[in-house]
Amino acid sequence: MSDSVKKILIVGGGFTGMSAAILLQQQGVEVHLVELDKNWRTDGAGITVSGPSLRAIEQIGVLDQFKQFGAICQNVDMFTADGSHLRQIPTPAVPGSSIVGGGGIMRPVLARILAEETKKAGVKVLLGHTYETLEDKGDRVDVNFTNGESDSYDMVAAADGVFSKTRQLIYPDAPTPQYTGQVVWRAVVERHGLERPALFYGPNGKLGFTPVSDTHMYLNYTEQQPQKIRLPDEQLLPHLKGLIAEFTAPVIEKVKAELNENSSILARPLEGMIMQRPWSKGRVLLMGDAVHATTPHLASGAGMGHEDAVVLADEVKAGGTVEEILKRFEDRRWTRCSLIVANSKRLGEIEQTGGSKVEHMQIMALSMSALMAPI
């Protein structure tokens, strides 16, 4: 345990915050976590998890639970819209891990796994509240909470999401997430015999499926939508069916027949941002989506947050002053995170404009090579 960081506050109980809390508590730091949602929920459908992101999940110590409740598969199949097989993309072994392939899991299921591990590790969790004030005193951070309690910490790590309150507090001129011109559609359906992740290419778009358990998978379709709009709930089903009408593969026809008014269908406008360094001020650190929110084109949004947690725990364990720890953290994370955010954004631009397929393939290859490298 670091002599300079013996007690830390994590702001935000999402994937990044919980992962950091688990790892830091396990190495002897006293960790408190505050989460505004009293029910500690994570909304959403399935999530695709790349091999490198699974490596971070393995380092956090919850890979066995992921395997039990999610799905890990090797390779990705590519098809035409009518189901003709084009080719299979291999998923290589991930260096420094036991991982071969990629995975999928329901977001609420992964959140439950991490929440249970957070409590098991002994983290002090405060739900339904947040901080009222943070005051960096130079040798500590004094925190007043909205429940009337107060405490002091050696460091505060804010993983409070894409619309971070802490980012606005310590860097009021920092960039905010920007709409990218795309909307991702997701729905949970039965696997219908699909063995592994699959991509179907139609005249106007790409329809993907990722297994998230032994019995279910989630559908994902990225719609080009210049204006940021949100459809009312009653329009979600007919709109999604219209988007995938051009796909006629047998498995997709089964999915169409399955979709109904009770299906869980989500449509999320894609937003992204990268905040320039520094990501910290004094003893307060920003991490996760608060500084590097990315679109899902490289299946690495949540994975980048898991990696942040691994690196922060590494650097706290390595010791030194808080300033030294935070500098080393940023040195290890900046190039990797900024590359993934920028490349994901560019992939979306190519899809919107019908740009070069060669450039698209090159960016994918470059990005996956970078992700395979050590964290």
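Residue numbers here run from 1 along each chain, matching the order of that chain's written sequence. With the structure being a predicted model, the display of local features is reserved for residues of pLDDT at least 70 and the display and counting of side-chain atom pairs for 80 or more, all residues being used for whole-chain, interface and lining totals. Side-chain numbers here rest on the full set of heavy atoms in the structure, without hydrogens or water.

A. The overall build of the protein, seen in detail. Where helices and strands are cited, they refer to DSSP runs of H or I of at least four residues and of E of at least two residues respectively, numbered from the N terminus. Within the protein one finds 11 helices and 19 strands. Along the longest, intermediate and shortest principal axes, the C-alpha atoms of the protein span 65 × 45 × 40 Å. Across the 375 residues in the protein, those meeting the buried criterion constitute 51%. Only heavy atoms matter for contacts: two residues are in contact if any of them lie within 4.5 Å across the pair. In the protein, of all internal contacts separated by at least 6 residues, the share reaching a separation of at least 24 is 72%. The protein chains shown are the only cover counted for residues, whose accessible areas, like all others here, come from Shrake-Rupley with a 1.4 Å probe. As displayed, the protein offers around 16500 Å² of accessible surface, 51% of which is attributable to carbon and sulfur atoms. Positive and negative side-chain charges in the protein, numbering 38 and 44 respectively, have mean positions lying 2 Å apart. Each residue gets one of three labels from its accessible area relative to the maximum for its type: buried under 20%, exposed over 50%, partly exposed in between, using a 1.4 Å probe on protein chains only. Positive residues here are Lys and Arg, negative ones are Asp and Glu, while His and the chain termini are left out of the count. Where a charge lies is defined by one atom per residue type: Lys uses NZ, Arg uses CZ, Asp uses CG and Glu uses CD.

B. Structural view of the pattern of salt bridges. In what follows, salt bridge is the name for a side-chain nitrogen of Lys or Arg lying within 4 Å of a carboxyl oxygen of Asp or Glu. Evaluation of the coordinates by the stated rule reveals 22 salt bridges. The shortest N-O distance in the salt bridge between Arg112 and Glu116 comes to 3.9 Å. You can see Arg112 and its partner Glu116 sitting in helix H4 (residues 107-121), 4 residues apart, about one turn around the helix. With relative accessibility at 37%, the residue Arg112 sits in the partly exposed group. With a shortest N-O distance of 2.9 Å, Arg140 and Asp142 are connected by a salt bridge. Overlapping salt bridges, with partners in common, bring together Arg277, Lys327, Glu330 and Asp331 in one network.

C. Up close: the sheet that holds strand S4 (residues 71-73). On the basis of which strands lie adjacent, the open sheet formed by 3 strands has the order S3-S7-S4 and antiparallel pairing. Whereas interior strands pair on both sides, the edge strands pair on one side only; in this sheet they are strand S3 (46-49) and S4. The average undirected angle you get between the axes of adjacent strands in this sheet is 20°. Axes, fitted as lines to C-alpha atoms, cover a helix only where it is in contact. Angles between the N-to-C directions of the axes lie from 0 to 180 degrees. In the packing of H4 onto the sheet, the strands contacted are S3 and strand S7 (102-106), and the crossing angle to S7 comes to about 90°. Any two strands with at least two DSSP bridges between them are considered paired.

D. Main features of helix H11 (residues 357-372). For H11, with 16 residues, the first-to-last C-alpha span of 23 Å sits near the 22 Å given by 1.5 Å per residue. Of all the positions in H11, only His360, Ile363, Ser367, Leu371 and Met372 are classed as buried. In a view along the axis of H11, the buried residues occupy a sector of 160°, so they form one face of it. In H11, the exposed positions that point more than 90 degrees away from the buried face belong to Val358, Met361, Gln362 and Leu366. Between a side-chain oxygen at the N-terminus of H11 and the backbone nitrogen of Val358 the separation is 3.2 Å; the capping residue is Ser356. To estimate the expected span of a helix, count its residues, drop one, and scale the result by 1.5 Å. Note that the arc is defined by the directions from the helix axis to the C-beta atoms. Residues adjacent in sequence count toward polar contacts only when both atoms are side-chain atoms; beyond that, a polar contact is any pair of N or O atoms within 3.5 Å, and within protein one must be able to donate a hydrogen and the other to accept it.

E. Broad picture of the side chain of Arg167. Its place among the elements puts Arg167 in helix H5 (residues 165-170). Buried and unpaired, Arg167 has Asp160 as its nearest opposite-charge partner, separated by 7.0 Å. Side-chain polar atoms of Arg167 contact the backbone oxygen of Ala290, separated by 2.8 Å. In this view, Arg167 contacts Gly161, Val162, Pro172, Ala174, Pro175, Thr176, Pro177, Met273, Met275, Leu286, Asp289 and Ala290; residues no more than four positions away in its chain are not counted.

F. Fine view of helix H6 (residues 233-243). All of the buried residues in H6 are Leu236, Leu237, Leu240 and Leu243. When H6 is viewed along its axis, its buried side chains cluster within an angular range of 135° and face the same direction. Opposite its buried face, H6 presents the exposed residues Glu234, Pro238 and Gly242, each directed more than 90 degrees away. Where H6 is buried, its residues contact strand S13 (178-190), strand S16 (216-224) and strand S17 (265-274).

G. View of the sheet that holds strand S10 (residues 141-145). One open sheet holds the 3 strands; their spatial order is S9-S10-S11, and the pairing between them is antiparallel. This sheet does not close on itself; its edge strands, each paired only once, are strand S9 (131-136) and strand S11 (150-153). Each neighbouring strand pair of the sheet contributes to a mean axis angle of 20°, computed without reference to strand direction. When S10 meets S11, the two strands line up antiparallel, connected through 4 bridges. Across the sheet, Asn144 pairs through a bridge with Ser150, a residue of S11.

H. Seen up close, the layout of surface pockets. In the cavity and pocket records, a cavity denotes points on a 1 Å grid over the protein atoms alone where a 1.4 Å probe fits but cannot get out, a pocket denotes an open set with protein on both sides within 12 Å along at least 5 of 7 lines, and lining residues are residues with an atom within 4 Å of a point. Grid points are joined across faces, edges and corners, and a volume is the space filled by probe spheres set on the points. Size it by volume and the second largest pocket reaches roughly 200 Å³. If you go around the second largest pocket, you meet 14 residues; those closest to its centre are Gly272, Met273, Ile274, Val341 and Lys345. Within the residue set of the lining of the second largest pocket, elements represented by two or more residues are S13, S17 and helix H10 (322-353). Among the elements that line the lining of the second largest pocket, the one with the most residues is H10, at 4 residues. Residue polarity is assigned by list, with Asp, Glu, Lys and Arg as charged and Ala, Val, Leu, Ile, Met, Phe, Trp, Tyr, Cys and Pro as nonpolar; anything else, Gly included, falls into the polar class. Partitioned by chemical class, the residues of the lining of the second largest pocket number 6 nonpolar, 7 polar and 1 charged.

Read these as spatial facts, not as claims about activity.
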